[in-house]
Amino acid sequence: MKELYFLRCRECGKKYSNMPQSFCEECFSPLEVSYDYEELGRVARREALAHRAFNMWRYSELLPLPEGFAPSAAVGGTPLVKSKKLGAEWGAKNLYFKNDAVCFPTLSFKDRVVATALAAARRFGFKTVGCSSTGNLANAVAAQGAQQGFDTTVFIPADLEPAKILNTAVYGARIVRIEGNYDHVNRLCTQIADRFRWGLVNVNLRPYYAEGSKTHGYEIAEQLGWELPDNVVVPMAGGSLIGKIAKAFCELAHLGWVEPKQVKFFGAQATGCSPIADAVKRGLTRVEPQKPNTIARSLAIGNPADGHYARRLITETGGWAESLSDPEIIDAIKLLAQNEGIFAETAGGVTAGVAGKLIEQGRIRADETTVVCITGNGLKTTDAIAADFPATEAIAPKLEAFEALVARQLEEPVREQSNA
Amino acid sequence: MAVTIEIPTAFRRFTDGAPRLESGAQTVADALNELVARFPALSRHVRDDDGQIRQFINVYLNDEDIRFLSGESSALKDGDKLLLVPSIAGG
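This report concerns the structure included in the present document. Just so you know, these numbers come straight off a predicted model, no measurement behind them.

1. Remarks on the overall build of chain A
Then step 1. For chain A, the helix and strand inventory stands at 16 helices and 13 strands.
Then step 2. Computed over its C-alpha atoms, the radius of gyration of chain A comes to 22 Å, within 12% of the 22 Å expected for a compact globule of 420 residues.
Then step 3. Counting all 420 residues of chain A, 54% fall into the buried class.
Then step 4. Taking contacts inside chain A between residues at least 6 apart in sequence as the whole, the part at least 24 apart equals 68%.

2. What to know about helix α1 (residues 28-38) of chain B
Then step 1. Among the residues making up α1(B), those that are buried are B:V28, B:A31, B:L32 and B:L35. Considered in projection along α1(B), the buried side chains sweep an arc of 95° and stay on one side of the axis.

3. Considering the packing of helix α8 (residues 214-223) of chain A against helix α9 (residues 240-255) of chain A
All names here are of chain A.
Then step 1. At a minimum axis distance of 7 Å, the contact between α8 and α9 shows a crossing angle of 50°. Relative to α9, α8 is oriented oblique. The two elements α8 and α9 meet at a crossing, and its hand is right-handed. Facing K214, H216, G217, Y218 and A221 of α8, the residues of α9 in contact are K244, I245, K247, A248, F249 and L252.
Then step 2. In terms of residue class, the contact of α8 with α9 is built from six nonpolar, two polar and three charged.

4. Quick word on the sheet that holds strand β12 (residues 321-324) of chain A
All names here are of chain A.
Then step 1. Read from one edge to the other, the open sheet built from six strands follows the order β4-β5-β13-β10-β11-β12, with strand pairing classed as mixed. Two strands lie at the open edges of the sheet, namely β4 (80-82) and β12, each paired on one side alone. The sheet shows a mean angle of 25° between the axes of neighbouring strands, taken without regard to direction.
Then step 2. Relative to strand β13 (residues 369-374), strand β10 (residues 231-235) runs parallel, the two being bridged by three bridges. Paired with N231 across the bridge in β13 is T370.
Then step 3. Along the sheet, helix α13 (residues 346-361) makes contact with β10, β11 (264-270), β12 and β13, crossing β10 at roughly 140°.

What counts, and where the lines are drawn
Residues numbered from 1 in each chain as written. Chains lettered and ligands numbered in written order. Predicted model: local features only at pLDDT ≥ 70, side-chain atom pairs only at ≥ 80, totals over all residues. Helix = DSSP H or I, 4+ residues; strand = E, 2+ residues; numbered from the N terminus. Rg over C-alpha atoms; globule rule 2.2 N^0.38 Å. Buried ≥ 20, exposed ≤ 12 C-beta atoms within 10 Å, placed from the backbone. Contact = placed C-beta atoms within 7 Å. Arc of directions from axis to C-beta. Axes fitted to C-alpha atoms, helices over the stretch in contact; angles between N-to-C directions. Parallel < 35°, antiparallel > 145°, perpendicular 65-115°, else oblique. Left-handed = near helix turned anticlockwise from the far one by under 90°. Nonpolar A, V, L, I, M, F, W, Y, C, P; charged D, E, K, R; others polar. Pairing = 2+ DSSP bridges.

In structure tokens form, the structure reads like this:
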């Protein structure tokens, strides 16, 4: 059967057959996977999804998977949670959280992009796979690499959160710690991909990797009853996810699976690393790199490769971008956990907090349907909030001791105790 | 005085396979101009129609992106290394 996807330069449009390359040989702009949408419209049917399990593979026809590909495990298929408390507090009646904090297998949306990248790695015959990572990607590559029998090497900034390093090491991946920030790691990986025959999922396999993000968008549309939201708030690190959610919505509209709608895209960053948000707010036509300085390590990319596209998408769709300071990020993590029962990592705090800011500013209309994309689990960044939750006093195992405690403390609600 | 301009694999078809160029340039701008003068086929890949370095190419002077230094007017000294890298990041 003819393959329905190929590579195409995002700038000059030059087409390439499928190969492990991420940039155009003509103009060195990024390549992305494109599809024969006409043929896809004939072979992909929305009705066929009804009998498939709810995970990312239900959208297989729309992903760059080789013929005969059989997924080895379920990935994605995360809840879309309608907000009760935060929505009410912010005056937003139709607020949803797309909760990839519980994505599987490794509790971040990176599981989606790794799934498609490893399908490509297998197709291209790579024995060793790896990535440059701020943490979540390393977790996902290590886990899925182990499951599928790849040799795995991940490259990380040396001072990454201990939980993220442990969460990668446990799967048996080789970990190379680089003295530098993420942009240094990335530059080294570009050179490594140039020299070694390894499948680095976000370097030479990047176009196939990026496509996995679309499933976050497909699920949102399906979970809203095959309808597109009015607004989406998306965290931005490299700037790829926001664009792929937009691509997913466009594809669904093109296929006739949803009514077309001009969705507004909003980007969320940490103030300590906000090159894209700054460009949006200052009306710049080029994103200027920054030196990251924020607890939101997963968003600490000072030189975002897809920054240009993210900035353009936001401004062209009538969206906006905002950023949060580190203290605001911690507050937002607590707000989300204590109001919605969702424990997000720092990037999730950024996104939830920015959504609140944008609603308050009136940039997101409170009566519209808004989806906030939560991309990773709070268990990965407990360091960031640990100081706010010091150990409480221990009591003797006696009823009298507990009664005395109750008498002392019951007047104060639990939340105020933990904020002391 | 000599600086080295490292040419990544992807660009080498425009340099007849040459992996690097030694240059006596004093600034990054001069070094890039020397590079494209020496290998004219590289010219439209390095600069856009406005003469700016193309959007998706990063230029590093030793370990630092030149946008964190003085851009193309950054001064060069003996032994410096310039690296051109297609822009790829995220993860």
